[in-house]
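What follows is each chain in one-letter form.
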Amino acid sequence: MSVNPAVAVIVVAAGSGTRLGGDIPKAFREVAGVPILEHALRGVFGMRREAQVIVVAPEAFRGDAELILGHAAGDASEYASVVTGGATRQASVAAGIAVLADSVRIVLVHDAARALTPSTQFDDVVDSVAAGGRGIVPGLAVADTIKRVDDEERIVETVDRDELRAMQTPQGFPRHALAQGYADAEEEYTDDAALFAATGGSVAVIPGDARAFKITTPWDLNRAEHLLRPEGGERIRVGVGVDVHAYDDNAELWLAGLLWPGEAGLAGHSDGDAVAHAITDALLGAAGLGDIGTMFGTDDPRFAQARGEVFLIATRERLIQAGFGIENVSVQIIGNTPRFTPRRAEAEALLSGLIGAPVSLSATTTDRLGFAGRGEGLTAIATAALRQRH
Ligand code: CTP
Ligand code: MG
């Protein structure tokens, strides 16, 4: 490593996640489409101070961990590395300590499972270790009444909760004292603070953050999902639409919402605007609202000769009512005529205005093959992406 950070963060992600269940280790399960480990690393790489970042992963998931870490590290990849973990959390932390850079003076140990821990919590721990020269753990006051019970679950006493703190991570320590503690430890401790204290170190608590909760059970995983996708959270849905019309030399050409003087027109119940119809089908399909025929009735006299924009405007309104927003639409036209490129920008601007979202258009021919190549008709294929509010 050619960088010399004074801080290191060891992110332990080598557990199996027994309580969560599932086929893959917990840190590689996804929340809102992103692995838990990557969420955790977003918090790490949002730190104010530069830090060596060591991810401790299960042997079989080292490759995955490297990809995720590379993605989160971006231009800071020189700071980042992956090592293989051990059978216990403590062994996994020890594997991280073994590869600390020489320059490191303060070490933070963080559970990947505390995926939503804000960067400020890392900064606060570093600052407090730097100021006090002792171990620092973030902790939350305990809200529940806590009782001590005996072997038969009988209440023995109420514990004064003012004296209690629920421990979180990252837990921070002066590097050499932590390394020494790990070298001296002869038993398993529940967290790094316990090990550090048992081997003679002093540890103080600073206020934690509710978002730093540990994802342990399926309930926690779902909770994290909801916190990341609060009200107004969105899902993307896509749809495809295809429309084909035969050329009709006696009709005027309406295509992509524009009139094309002097060009062969398209036959159809409405104006034959294959681009507008394909977009309509793509939008309705993405929303699961059927297609242009079921929505507007292909035989309905009200739509005889109707302009393509009539369908687009009505579809947009229908989507809004159903809770969808349009993200974008892309259309390809396949046919010999008209020559589309000169009016592409004009058509894109018109259609984008009609649906209230970017529409991009392209055109191609088929090298004289098939009905398009023989000049018998024109095809439009549209893809639409929608945002759906929860
Ligand atoms: N951890 C680790 N190596 C182990 C065990 C745990 O690196 N041998 C890590 C986990 O990946 C997790 C953190 O320690 O980020 C906290 O542990 P925990 O929440 O208990 O995770 P798991 O041990 O994976 O889950 P479970 O106890 O339900 O199996
Ligand atoms: Mg565990």
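Structure's up top.
Rules used in this analysis
Residues numbered from 1 in each chain as written. Chains lettered and ligands numbered in written order. Predicted model: local features only at pLDDT ≥ 70, side-chain atom pairs only at ≥ 80, totals over all residues. Heavy atoms only, no water. Helix = DSSP H or I, 4+ residues; strand = E, 2+ residues; numbered from the N terminus. Rg over C-alpha atoms; globule rule 2.2 N^0.38 Å. Buried < 20%, exposed > 50% of the residue type's maximum accessible area, 1.4 Å probe, protein only. Areas by Shrake-Rupley, 256 points an atom, 1.4 Å probe, with all protein chains shown as cover. Lys, Arg positive; Asp, Glu negative; His and termini not counted. Charge placed at Lys NZ, Arg CZ, Asp CG, Glu CD. Expected span 1.5 Å × (residues − 1). Arc of directions from axis to C-beta. Contact = heavy atoms within 4.5 Å. Pairing = 2+ DSSP bridges. 1 Å grid on protein atoms, 1.4 Å probe; cavity = no way out; pocket = protein on both sides within 12 Å on 5 of 7 lines; lining within 4 Å. Points joined across faces, edges and corners; volume = space filled by probe spheres on them. Nonpolar A, V, L, I, M, F, W, Y, C, P; charged D, E, K, R; others polar. Axes fitted to C-alpha atoms, helices over the stretch in contact; angles between N-to-C directions. Core = buried A, V, L, I, M, F, W, Y, C linked by side-chain atoms within 4.5 Å. Phe/Tyr/Trp six-rings, centres within 6.5 Å; stacked < 30°, edge-to-face > 60°. Lys NZ or Arg CZ within 6 Å of the ring centre and 35° of its normal.

Caption draft 1: Structural detail: the overall build of the protein. Looking only at helices and strands, the protein has twelve helices and 19 strands in total. Relative to the globule expectation of 21 Å for 390 residues, the C-alpha radius of gyration of the protein, 31 Å, shows a markedly less compact shape. Here the protein, with 390 residues, has 45% of them falling under the buried criterion. Accessible surface computed for the protein: about 19,000 Å², of which carbon and sulfur atoms make up 50%. Positive and negative charge centroids in the protein, built from 34 and 52 side chains respectively, lie 3 Å apart.

Caption draft 2: Focus on helix α2 (residues 62-73). Look at α2: 16 Å from first C-alpha to last across twelve residues, which is about the 16 Å you get at 1.5 Å a residue. Within the span of α2, buried status applies to Ala65, Ile68, Leu69 and Ala73. The arc enclosing the buried residues of α2, seen along the axis, measures out at 125°, which places them on a common side. Exposed residues on α2 whose side chains face more than 90 degrees from its buried face are Leu67 and His71. On its buried face, α2 is in contact with β3 (34-35), α1 (36-45), β4 (52-57) and β5 (80-84).

Caption draft 3: Summary view of the pairing of strand β13 (residues 234-248). As paired elements, β13 and strand β19 (residues 377-389) share 13 bridges and run antiparallel to each other. In the strand pairing of β19, Val242 is matched with Ile381. Inspection of the sheet shows β13 paired to strand β16 (residues 265-266) by two bridges, in the antiparallel sense. Across the sheet, residue Asp248 finds its bridge partner in β16, namely Gly265.

Caption draft 4: The arrangement of helix α10 (residues 308-321) in detail. Spanning 14 residues, α10 covers 21 Å between terminal C-alpha atoms, matching the ideal 20 Å at 1.5 Å per step. Every buried residue of α10 is accounted for by Gly308, Phe311, Leu312, Thr315 and Leu319. Viewed end-on, α10 has its buried residues packed into an arc of 95°, placing them on one side of the element. Exposed side of α10, more than 90 degrees from the buried face: Ile320 and Gln321 are the residues found there. Next to the buried residues of α10 lie α8 (274-287), α9 (292-296), β17 (324-334), α11 (344-355) and β19. Looking one or two residues beyond α10, the residue adopting positive phi is Gly323, at roughly 85°.

Caption draft 5: Geometry of the layout of surface pockets. Size it by volume and the largest pocket reaches roughly 560 Å³. What lines the largest pocket is a set of 27 residues, among which Gly15, Lys26, Arg89, Asp111 and Lys214 lie closest to the centre. Tallied by class, the residues present in the lining of the largest pocket amount to eight nonpolar, twelve polar and seven charged.

Caption draft 6: Seen up close, the sheet that holds strand β18 (residues 359-364). The five strands are arranged β16-β13-β19-β17-β18 in an open sheet whose pairing can be described as mixed. Across the chains shown, the open sheet's two edge strands, defined by having one partner strand only, are β16 and β18. In terms of strand pairing, β17 meets β19 through ten bridges, oriented antiparallel. Residue pairing across strands places Gln332 opposite Ile381, the latter belonging to β19. In the packing of α8 onto the sheet, the strands contacted are β13, β16, β17, β18 and β19, and the crossing angle to β13 comes to about 150°.

Caption draft 7: Region of interest: the nonpolar core. Counting residues in hydrophobic clusters, the biggest one holds 36 residues, and the most contacted among them are Val275 and Ile279. Looking at this core, the elements that each hand over two or more residues are β14 (253-255), β15 (258-260), α8, α10, β17, α11, β18 and β19. A per-element tally of this core places α8 first, with nine residues. Every residue in contact with Val275, bar those within four places of it in the chain, is listed here: Leu255, Ala256, Val331, Ile333, Leu351, Leu361 and Ala380. Within the second largest apolar cluster, 29 residues are counted, among which are Ala13, Phe28, Ile68 and Phe122.

Caption draft 8: Summary view of the packing of aromatic side chains. For the coordinates displayed, the defined rule picks out four aromatic pairs. For the ring pair Phe28 and Phe61, a centre distance of 4.9 Å and an interplane angle of 35° mean the geometry is tilted. Of this pair, Phe28 sits in the loop between β1 (7-12) and β2 (30-31) while Phe61 sits in the loop between β4 and α2, and the two are 33 residues apart along the sequence. Residue classification places Phe28 among the buried residues on the basis of a relative accessible area of 7%. Look at Phe61 and you get buried, because its relative accessible area is 18%. Positioned above the aromatic ring of Phe213, the side-chain terminus of Arg223 is 4.0 Å from the ring centre. In this structure, Arg307 packs its charged tip against the face of Trp254, placed 3.9 Å from the ring centre.

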